[in-house]
Amino acid sequence: MSITSVTSQAIQKIPTPVRADSDTPAPYISSSQRLPEITLKSFILSILLSAAMAGANAYLGLKIGLTVSATIPAAVISMAILRFFKNANILENNIVQTTASAGEVVAAGTMFTLPALVLMGYWDTFPMWQTSLIVGIGGVFGVLFSIPLRRALVVEGNLLFPEGVATAEVLKVGESSTSEGAKDLLLGGLGATLLKFGQSGIVAFSESIGIWTKTGGTLIGGSIGLSPVLLGAGYIVGHPVGISMTIGGVVAWFIALPLFGYIEGIPEASSVMGSAMIIWSSKIRMIGVGMMVLGGLWTTVHLIDPMRRAIVSSLSSLKKSASGAKVRILRTEQDIPFIYVLWSIMALCLPLILMTHNLFDPQSLSFTSLGYAGVIMAIIIATLVLGFLVSAIAGYMSGILGSSNNPLSGVTIMAVMFVSLLLLVLMSNDLGQAISAATLAGISIIIAAVVACAGAVSCDNLQDLKAGQLVGATPWKQQVMLIVGVIVGSLLMAPIFNVLFAAYGIGDVMPREGMDPARALGAPKAAMMAMVAKGVFTHSLDWSMVTIGGIAAILVIAVDEVLRARGSEFRLPVLAVALGVYMPLEITLPVLIGGLISLYATKKLDKARGILGIHFHNVVEVARRRGMLFASGLVAGEALIGITIAAMIVSVPSMRDSQEMLNLSVFAQNIGGTVVFALMCAYLYTISSRTSRSL
């Protein structure tokens, strides 16, 4: 097939993907077209998939502390099912994946926080109405907060939202008949599926390789992950983000960690890497949290102006409509009007006030007490402010790295600390004498859970809204269905958690005698939240590390401002550097590799400019699309198999105790994983830099 034929097919079928250095292309379905979006079949399928994804991620999150985004899996499953119906279209598929991912992501926000209440002894089970209220209020707040953030981050922001871009590519290829695009997408998906199943399903390949050693009185070493989804995300977001994250990772792992090991000594552990992980989790991660706090505040300040414009535009349009004037807003730009968003937020404050009141001792404390009423209102205001701040930070980081690898737990730690400190101050008078430290710690976790759910939903929803922008969806319809997905997920969380708790136990808490502690769900992120909340009220939290992180963030911001003033193309976004400090190297380095593949593939194409002449632009477009589609396939493949493995772990008894089906040596696992990952990198570079096929 000639390069001209390939180019014409690709240009006709697949619009140019969004990149940081280009304007947003026209949507796949133009704003003048009107296709059915919220239909009966899409509504029912949305609810069913939302429930399924929520259950799978709840188990995965409790077991290993991680979740996978359901955006792409939901899109693929939706396309497969809706093909059996006549007249199904891409916008219906988009509505289904939007709703399903909203139901799934509430599990992510919940599993960081609510299990901590069981670990602390504050709850002995997960009460239905209270759990549903916490998750529902927080999740709907997240949808409402994401509406002005859509304008600031998706429309005007210079962010790529890799999973949103990948989802849009999946939907478009599924809609079109472009065999070349489908081939690259399927190859990426198949490769990622095989590698991830070999890593997490039968443990034939290593998920990461690393070398650590003790020398000079400290620890030195490093590791690299072999994750397809991170490789694909790195290619999509480009090298600047990967470099910024790697700078943070180098500072954290090769400077700060050996320094702490030398000064404070090497902690005891079963391995050298185990000792390194103890230092990282207790010291380095808290530095990352400090950087996220200050960096998040700085980033939010920069978002004020685009959000202000979005709010003013929405109110202006509503005012003109009320006066009878004709207001023409493109279908693809129609959000839920901001006045409705504002009224909805105010309406949600009522159940939030009642729930917060119930957390204290309603018999001994009364709303008629001026001091107590002030405490309640201060908590409500703090919840709203923190919820929006966390939503903005999580949404921004989602635009950088994606939802699955977004360090939401770090932002949630920030929320737990802020709420705990607020309660510590508010309850330092006579009013606080009647309430124990354990109760205050539990209240902190619950309020932080509302905030975490808002951040998790906003983070994932912005990916969905990015996909909707690219395929030509109607934003307000997506936003309505996002709320539906949140409600479905909130009603399922208590039953799911109770079933898992009764079957396995959580941490060291066993609901009945004779249970095997080795099979308990560790809930590592929730255990961390419990430690932070109790640490604030018992004055045992290491604030020095958080302070160091804040100072480091100021230095990074200063460097970035100097680069901006000099007009440098390279920038150093503080949240990207903070991500590198907070995240393991296993996550940082694959993102860098993907970004560098994109960079060097582009450079190779630039060198061919003189040879190809007039055909250069077409060749570049084909190469970039092929690379983007293969990278999207990597993201989609790992997401799909991640959900599948989670379902297998839940349903197959033998996989609950051990996922290892092959008895391979660590060396063999390392070699196998490295070879497959290297082949993926080579193929991605080859197709995204190829300048000819038959020329």
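Note that the coordinates shown come from a computational prediction; the quantities given were computed from them, not determined experimentally.

Participant: Tell me about the overall build of the protein chain, and name the residues and values.
Facilitator: Summing up its helical and strand segments, the protein chain has 24 helices and two strands in all. Here the protein chain holds 695 residues, and the buried ones make up 57% of them. Long-range contacts, defined as pairs at least 24 residues apart, comprise 83% of the intrachain contacts of the protein chain with a sequence gap of at least 6. Surface summary for the protein chain: the accessible area is close to 27000 Å², and the carbon and sulfur share equals 66%.

Participant: Describe the pairing of strand 2 (residues 218-225), naming the residues involved and giving the relevant values.
Facilitator: In terms of burial, strand 2 is a largely internal element, six of the eight residues being buried. As defined by bridge partners, strand 1 (residues 208-215) adjoins strand 2 across eight bridges and the pair is classed as antiparallel. Residue pairing for strand 2: Thr-213 is matched across the bridge by Ile-220.

Participant: Go over the environment of Gly-121 with me, naming the residues and quoting the values.
Facilitator: Mapping Gly-121 onto the fold places it in the loop between helix 5 (114-119) and helix 6 (128-155). Judged by relative accessible area, Gly-121 falls into the exposed class, the value being 57%. Measuring from C-alpha to C-alpha, the distance between Gly-121 and Thr-439 comes to 9.8 Å, with 318 residues separating the pair along the chain.

Participant: Talk me through a nonpolar patch on the surface; I want residue IDs and the actual numbers.
Facilitator: A surface patch of nonpolar side chains, about 620 Å² in accessible area, is lined by Ile-38, Leu-40, Phe-43, Ile-44, Leu-48, Trp-476 and Val-480. Here the element with the most residues in the nonpolar patch is helix 2 (residues 40-64); it accounts for four residues. Among the structural elements, Val-480 can be located in helix 16 (residues 475-504).

Participant: Before we move on, could you go through the pattern of salt bridges and cite the residues and values that matter?
Facilitator: Following the criterion strictly, the structure yields six salt bridges and no others. The partner of Glu-37 in a salt bridge is Arg-331, with the nearest N and O atoms 3.6 Å apart. Of this pair, Glu-37 sits in the loop between helix 1 (3-13) and helix 2 while Arg-331 sits in the loop between helix 11 (272-322) and helix 12 (338-359); the two residues are 294 residues apart in sequence, bridging distant segments of the chain. Exposure class is identical for Glu-37 and Arg-331. Each is buried. The shortest N-O distance in the salt bridge between Lys-283 and Glu-264 comes to 3.6 Å. Placement of Lys-283 in helix 11 and of Glu-264 in helix 10 (residues 239-264) is noted, with a sequence separation of 19 residues between them.

Participant: Can you lay out the side chain of Thr-383 for me, pointing to particular residues and giving the numbers?
Facilitator: In this structure, Thr-383 sits in helix 13 (residues 370-401). Looking at Thr-383, the relative accessible area reads 3%, which means it is buried. Excluding anything up to four places from it in sequence, Thr-383 contacts Leu-352, Ile-447, Val-450 and Val-451.

Participant: Residue-level account of the nonpolar core, with values.
Facilitator: Counting residues in each nonpolar core, the largest one holds 168 residues, and the members touching the most others are Phe-141, Leu-257 and Phe-360. Not counting chain neighbours up to four residues away, the residues in contact with Leu-257 comprise Trp-212, Thr-218, Leu-219, Ala-252, Ala-276, Ile-279, Trp-280 and Ile-284. Core analysis: the second largest hydrophobic core is formed by seven residues, Leu-49, Met-53, Ala-74 and Leu-82 among them.

Participant: Outline the environment of Ile-266, supporting the account with residue identities and numerical values.
Facilitator: Mapped onto the fold, Ile-266 is located in the loop between helix 10 and helix 11. Remark: the alpha-carbon pair of Ile-266 and Ile-279, spanning 13 residues in sequence, is separated by 8.2 Å.

Participant: Explain the packing of aromatic side chains to me, using residue names and the numbers behind them.
Facilitator: Under the definition given, this model contains six aromatic pairs. For the ring pair Phe-126 and Phe-497, a centre distance of 5.1 Å and an interplane angle of 40 degrees mean the geometry is tilted. With Phe-126 in the loop between helix 5 and helix 6 and Phe-497 in helix 16, this pair connects stretches of sequence that are 371 residues apart. Take Phe-497: its relative accessible area is 0%, and that puts it in the buried class. Here the aromatic cluster, defined as three or more aromatic residues joined through ring pairs, consists of Trp-123, Phe-126, Phe-497 and Phe-501.

Participant: Describe the packing of helix 15 (residues 437-471) against helix 16, naming the residues involved and giving the relevant values.
Facilitator: It is at 11 Å that the axes of helix 15 and helix 16 come closest, and there the two elements cross at 145 degrees. Taken as a pair, helix 15 and helix 16 cross one another with a handedness that is right-handed. Contacts between helix 15 and helix 16 involve Val-457, Asn-461, Asp-464, Leu-465 and Gly-468 from the first element and Pro-475, Gln-478, Gln-479, Leu-482 and Val-486 from the second. In terms of residue class, the contact of helix 15 with helix 16 is built from five nonpolar, four polar and one charged.

Participant: For helix 15, give the residues involved together with the corresponding values.
Facilitator: The terminal C-alpha atoms of helix 15 lie 51 Å apart, and with 35 residues this matches the ideal 51 Å at 1.5 Å per residue to within 8%. Most of helix 15 sits inside the fold, with 32 of its 35 residues counted as buried. Directly after helix 15, the chain includes Gly-472, whose backbone phi takes a positive value near 95 degrees.

Participant: Just give me the short version of helix 12, but keep the residues and values in it.
Facilitator: If you check helix 12, its first and last C-alpha atoms are 31 Å apart, about what 22 residues at 1.5 Å a residue would give, namely 32 Å. Turning to helix 12, its buried residues are Phe-338, Val-341, Ile-345, Leu-348, Cys-349, Leu-352, Ile-353, Met-355, Thr-356, His-357 and Leu-359.

Participant: Give a detailed account of the packing of helix 6 against helix 15, specifying residues and quantitative values.
Facilitator: The N-to-C vectors of helix 6 and helix 15 enclose an angle of 40 degrees; their axes lie 6 Å apart at closest approach. Relative to helix 15, helix 6 is oriented oblique. Of the two elements, helix 6 crosses helix 15, and the hand of that crossing is right-handed. Residue composition of the contact of helix 6 with helix 15, by class: 18 nonpolar, eight polar and two charged.

Participant: Mind laying out the confidence of the model for the protein chain, listing which residues take part and the relevant values?
Facilitator: The predicted coordinates should not be examined in detail at positions where pLDDT is low. Of all residues in the protein chain, 75% attain a pLDDT of 70 or more, and the chain-wide mean is 75. Considering only residues more than four positions removed or in separate chains, one finds that residues 1-22, a stretch of pLDDT under 50, has 51 contacts.

Participant: Outline the environment of Leu-684, listing residues and values.
Facilitator: Within the element layout of this structure, Leu-684 appears in helix 24 (residues 666-689). Classification of Leu-684 as buried rests on a relative accessible area of 0%. Setting aside chain neighbours within four positions, we find Leu-684 in contact with Leu-231, Tyr-235, Ile-597, Gly-627, Phe-630 and Ala-631.

The rules behind the values
Position numbers for residues count from 1 along each chain, tracking the sequence in the order it is written. For a predicted model such as this one, the threshold for reporting local features is a pLDDT of at least 70, and the threshold for listing and counting side-chain atom pairs is 80 or more; totals across whole chains, interfaces and linings nevertheless cover every residue. Only heavy atoms go into the side-chain values, all of them from the structure, while hydrogens and water stay out. Each helix is a run of DSSP H or I of at least 4 residues and each strand a run of E of at least 2, with the numbering of both proceeding from the N terminus. Relative accessibility under 20% of the residue-type maximum defines a buried residue, over 50% an exposed one, and the middle range a partly exposed one, all with a 1.4 Å probe and only protein chains included. Any two residues having at least one pair of non-hydrogen atoms within 4.5 Å are treated as being in contact. The accessible surface values rely on the Shrake-Rupley method and a 1.4 Å probe; as for residues, cover is taken only from the protein chains in view. The rule for pairing is simple: two strands pair if DSSP sees at least two bridges between them. Exposure above 30% relative accessible area and no salt bridge define the residues that can form patches, which grow by joining like charges within 9 Å and nonpolar side chains of Val, Leu, Ile, Met, Phe, Trp and Tyr within 5 Å. Salt bridges are defined by distance alone: a side-chain nitrogen of Lys or Arg within 4 Å of a carboxyl oxygen of Asp or Glu. The definition of a nonpolar core used throughout is a set of buried Ala, Val, Leu, Ile, Met, Phe, Trp, Tyr and Cys residues joined through side-chain atoms within 4.5 Å. Pairing of aromatic rings covers Phe, Tyr and Trp, the last counted by its six-membered ring, and requires centre-to-centre distances within 6.5 Å; plane angles under 30 degrees mean stacked, over 60 mean edge-to-face, and any other angle means tilted. The axes are straight lines fitted to the C-alpha atoms, using for helices just the contacting stretch, and the angles between their N-to-C directions are given from 0 to 180°. Crossing handedness: left-handed means the near helix sits turned counterclockwise from the far one by under a right angle, and right-handed means the same turn made clockwise. When residues are grouped by polarity, Ala, Val, Leu, Ile, Met, Phe, Trp, Tyr, Cys and Pro land in nonpolar, Asp, Glu, Lys and Arg in charged, and all others, Gly among them, in polar. The length a helix should cover is 1.5 Å for every residue beyond the first. Angles are sorted into four bins: roughly parallel if under 35 degrees, roughly antiparallel if over 145, roughly perpendicular if 65 to 115, and oblique for all others. What pLDDT reports is the predictor's confidence in each residue, on a scale of 0 through 100.

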